[in-house]
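# A closer look at the structure
Spelled out from the first residue to the last, the chains are:
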Protein chains: 2
Amino acid sequence: MGTTQLETVPEPKYWHLKTVLSEALDSEFSVGEILPNERDLAARFGVARATLRQALEQLELEGRLQRRRGVGTTVAPPRMGVAVGTEQRAWPGVAGDTWQLADCAMAAPPAAVAGILESLQGEQVYTVRRSRVTRGQPVAAELLYVPASSVPGLSAVDTRSGTARARSVLRELQRLELEGQDSAVELGSARAEDAKELDRLPGAPVLVVTTRFFAEGRTAAVSVATYRADTCRLTFGDSGGIEIHDGPERRAS
Amino acid sequence: MGTTQLETVPEPKYWHLKTVLSEALDSEFSVGEILPNERDLAARFGVARATLRQALEQLELEGRLQRRRGVGTTVAPPRMGVAVGTEQRAWPGVAGDTWQLADCAMAAPPAAVAGILESLQGEQVYTVRRSRVTRGQPVAAELLYVPASSVPGLSAVDTRSGTARARSVLRELQRLELEGQDSAVELGSARAEDAKELDRLPGAPVLVVTTRFFAEGRTAAVSVATYRADTCRLTFGDSGGIEIHDGPERRAS
């Protein structure tokens, strides 16, 4: 990278620097390569370190860079396309599901989930924990909330292990006729437990997908899935399986 | 809010503070109310200002707080549900479309969009700019890229105004049979132009939705829509019209 003086540019310095850095990443660096340290980079581009940091943060938000503890800042691979919506409705855990069961507990859901489920405050529901791994990398952690009324065939005094119990809950849930499902995606911050599972720091930006499953004229289950925002792009629509390998905004600066 | 000493808590201080603050927001503050300044807040909770700032940033990511220039930090209203996927395929601009046409220009798309469109590098395409307003608030800015080959009936020497030309492009596009469409959503940072339109600072976190429209066995158009991440949750699925007013992660700390 050559020295580029940015003194005369009218837009915010970090913004222009981001564009310059982005072009340098395309032309001079390969995926996984470690960037020079901040002091060297700031000197090369003739900017203050605060300006450099702002530009690096932008590039991290856009998925171009990854900051990894003990490694430094590396050039990120293209984000993975991860399907979150398909044409067909399906209960969690049916054949072809990409999630792995981890655990099941009885717990009082967060107030907002209780609101969606129209359960009483403090009422415990089956809480199934699942995780999703794509290409060997953890991409999402999910909590699936299932009220006991949705799985009436399940024995309350179930002493089997967490995974076996999780399987039972899903099997019982699948007995209901699924009438519809909808999802919403929004920005969130990783809860400590999810962050650990996703190999991120607590509070890292994540994409939270909330899915409601409708049966018997009510919400029979709610899934709250936390996806890594740095490595994933969430795909939906009638060609959900097709991956867009290199999203427009990667270079749309 | 009373004074709460956090010295003895094992998890990161800002994390616990976030939970405490979140509960205070629920019980003591109403939507739109301005929070006390950082110094006062830090003193009340017995934490350093850096810790307070981290907690405030988390709450902002989660949509609980809004920082507004010249106003301060306020309690955010619940995020709006904005539908981005429906059961039915539809070209942009058909009846019932919630987008407003703003402009149309010929421009070379970003490299990644050119890649999806399989257009030549530097080749100019129709670039329609649209905006989306929900409940009086700007929620998204879109660039719709349409290669000339997708709208062969359109005269190249079209001298009408930007909006009229945008309308012509969409009308011509709608002549093609839409064979499918898919979308992907991912985290991004607001480009300067979008930020202005969305009343955000450049670089603010946004949700970028990229939609491909398929016709005649190829990608006939690509839309890149930038949604405000602070005020919106994007809904999709077969009950896309239903809004989830209070998302689980709002209180799922």
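You'll find the structure just up there.
Structure report, in brief. Remember, it's a predicted structure, so these values are computed and weren't measured experimentally.

## Description of the overall build of chain A
What chain A contains, in helices and strands, is six helices and 10 strands. Split into buried and exposed, the 253 residues of chain A put 53% on the buried side. Partitioning the intrachain contacts of chain A with sequence separation of at least 6 by distance along the chain shows that 66% fall at a separation of at least 24. Here chain A displays about 11,100 Å² of accessible surface, and carbon together with sulfur accounts for 49% of that area.

## Comments concerning the packing of aromatic side chains
One pass over the structure, following the stated rule, counts six aromatic pairs over all chains. Centroid distance Phe-236 of chain A to Phe-236 of chain B: 4.4 Å. Interplanar angle 15°. Geometry classified as stacked. You can see Phe-236 of chain A sitting in strand 10 (residues 232-237) and its partner Phe-236 of chain B sitting in strand 10 (residues 232-237), one on each of two chains. With respect to class, Phe-236 of chain A is no different from Phe-236 of chain B; both count as buried.

## Considerations on the interface of chain B and chain A
Taken together, the contacts link 56 residues of chain B with 54 residues of chain A. Across the chain B to chain A interface the summed buried area is about 4,600 Å²; carbon plus sulfur atoms make up 63%. For the interface between chain B and chain A, the tally reads four salt bridges. Between Arg-233 of chain A and Glu-186 of chain B there is a salt bridge, and its shortest N-O distance comes to 2.4 Å. Where chain B packs against chain A, one counts 18 residue pairs in polar contact (both at pLDDT 80 or more).

## Brief notes about the relation of the copies chain B and chain A
In screw terms, the move from chain B to chain A is a rotation of 180° and a rise of 0.0 Å along the axis, fitting with an RMSD of 0.0 Å. What the superposition gives is, in effect, a two-fold axis relating one chain to the other. Most of the interface of chain B is mirrored in chain A: 96% of its interface residues are interface residues there too.

## Some thoughts on the pairing of strand 8 (residues 205-215) of chain A
All names here are of chain A. Taking burial as the measure, the 11 residues of strand 8 include 10 buried ones, the bulk of the element. Inspection of the sheet shows strand 7 (residues 180-189) paired to strand 8 by 10 bridges, in the antiparallel sense. Paired with Val-185 across the strands is Val-209, a residue of strand 8. Pairing of strand 8 with strand 9 (residues 218-228) involves 10 bridges; the strand directions are antiparallel. Of the residues in strand 9, the one forming a bridge with Val-208 is Thr-226. If you look at the hairpin formed by strand 8 and strand 9, you'll find two residues sitting between the two strands, and Glu-216 has a positive phi there, around 50°.

## Quick word on the sheet that holds strand 10 of chain A
Strand order in this open sheet of eight strands is 3(A)-10(A)-7(B)-8(B)-9(B)-6(B)-5(B)-4(B), and the pairing throughout is mixed. Both edges of this open sheet fall to strand 3 (80-83) of chain A together with strand 4 (99-107) of chain B, since each of them pairs with a single strand only. Direction aside, neighbouring strands of the sheet carry axes that sit 25° apart on average. Pairing of strand 10 of chain A with strand 7 (residues 180-189) of chain B involves four bridges; the strand directions are antiparallel. Directly across from Gly-237 of chain A, in strand 7 of chain B, lies its bridge partner Asp-182 of chain B.

## Topic: the packing of helix 2 (residues 38-45) of chain B against helix 3 (residues 49-61) of chain B
For any two helices packed against each other, one specifies the inter-axial angle together with the distance between the axes. All names here are of chain B. Following both chains from N to C, one finds helix 2 and helix 3 inclined at 105°, their axes separated by 9 Å at the closest point. Taken together, the axes of helix 2 and helix 3 lie roughly perpendicular to each other. Taking contact as the criterion, the partners of Glu-38, Arg-39, Leu-41 and Ala-42 in helix 2 are, on helix 3, Arg-49, Leu-52, Arg-53 and Leu-56. Taken together, the residues that form the contact of helix 2 with helix 3 break down as four nonpolar, no polar and four charged.

## Topic: the side chain of Glu-172 of chain A
Examined against the element boundaries, Glu-172 of chain A turns out to sit in helix 5 (residues 162-173). Each residue touching Glu-172 of chain A, except ones within four places of it in the same chain, is listed here: Val-151, Gly-153 and Leu-154 of chain A.

## Examining helix 3 of chain B
Helix length check: helix 3 of chain B (13 residues) gives 18 Å between terminal C-alpha atoms against 18 Å at 1.5 Å per residue, within 8%. Within the span of helix 3 of chain B, buried status applies to Thr-51, Leu-52, Ala-55, Leu-56, Gln-58, Leu-59 and Leu-61 of chain B. On its buried face, helix 3 of chain B sits against strand 7 and strand 8 of chain A together with helix 1 (13-28), helix 2 and strand 1 (65-68) of chain B. With its phi angle positive at about 85°, Gly-63 of chain B sits one or two positions after the end of helix 3 of chain B.

## Let's talk about the pattern of salt bridges
Per the stated rule, a full pass over the model turns up 36 salt bridges over all chains. With a shortest N-O distance of 2.8 Å, Glu-38 of chain B and Arg-53 of chain B are connected by a salt bridge. Taken as a pair, Glu-38 of chain B in helix 2 and Arg-53 of chain B in helix 3 lie far apart in primary sequence, 15 residues in all. The partner of Asp-182 of chain B in a salt bridge is Arg-212 of chain B, and the shortest N-O contact between them spans 2.8 Å. Residue Asp-182 of chain B is located in strand 7, and its partner Arg-212 of chain B is located in strand 8 (residues 205-215); the two are separated by 30 residues in the primary sequence. In this structure, Asp-182 of chain B and Arg-212 of chain B share a single accessibility class: buried. Connected via shared salt-bridge partners are Arg-129, Arg-191, Glu-193, Asp-194 and Glu-197 of chain A.

## Quick look at the nonpolar core
Membership of the largest hydrophobic core comes to 34 residues, with the highest contact counts inside it found for Val-185, Tyr-227 and Leu-234 of chain A together with Val-185, Tyr-227 and Leu-234 of chain B. Residues within four places of Val-185 of chain A in sequence aside, it is in contact with Leu-207, Val-208, Val-209 and Leu-234 of chain A together with Val-185, Leu-207, Arg-233, Leu-234 and Phe-236 of chain B.

Conventions and cut-offs
- Residues numbered from 1 in each chain as written.
- Chains lettered and ligands numbered in written order.
- Predicted model: local features only at pLDDT ≥ 70, side-chain atom pairs only at ≥ 80, totals over all residues.
- Heavy atoms only, no water.
- Helix = DSSP H or I, 4+ residues; strand = E, 2+ residues; numbered from the N terminus.
- Buried < 20%, exposed > 50% of the residue type's maximum accessible area, 1.4 Å probe, protein only.
- Contact = heavy atoms within 4.5 Å.
- Areas by Shrake-Rupley, 256 points an atom, 1.4 Å probe, with all protein chains shown as cover.
- Phe/Tyr/Trp six-rings, centres within 6.5 Å; stacked < 30°, edge-to-face > 60°.
- Buried area = accessible area lost by both parts, 1.4 Å probe.
- Salt bridge = Lys/Arg side-chain N within 4 Å of Asp/Glu carboxyl O.
- Polar contact = N/O pair within 3.5 Å; in protein donor to acceptor, adjacent residues only side chain to side chain.
- Least-squares fit on C-alpha atoms with pLDDT ≥ 70 in both.
- Pairing = 2+ DSSP bridges.
- Axes fitted to C-alpha atoms, helices over the stretch in contact; angles between N-to-C directions.
- Parallel < 35°, antiparallel > 145°, perpendicular 65-115°, else oblique.
- Nonpolar A, V, L, I, M, F, W, Y, C, P; charged D, E, K, R; others polar.
- Expected span 1.5 Å × (residues − 1).
- Core = buried A, V, L, I, M, F, W, Y, C linked by side-chain atoms within 4.5 Å.

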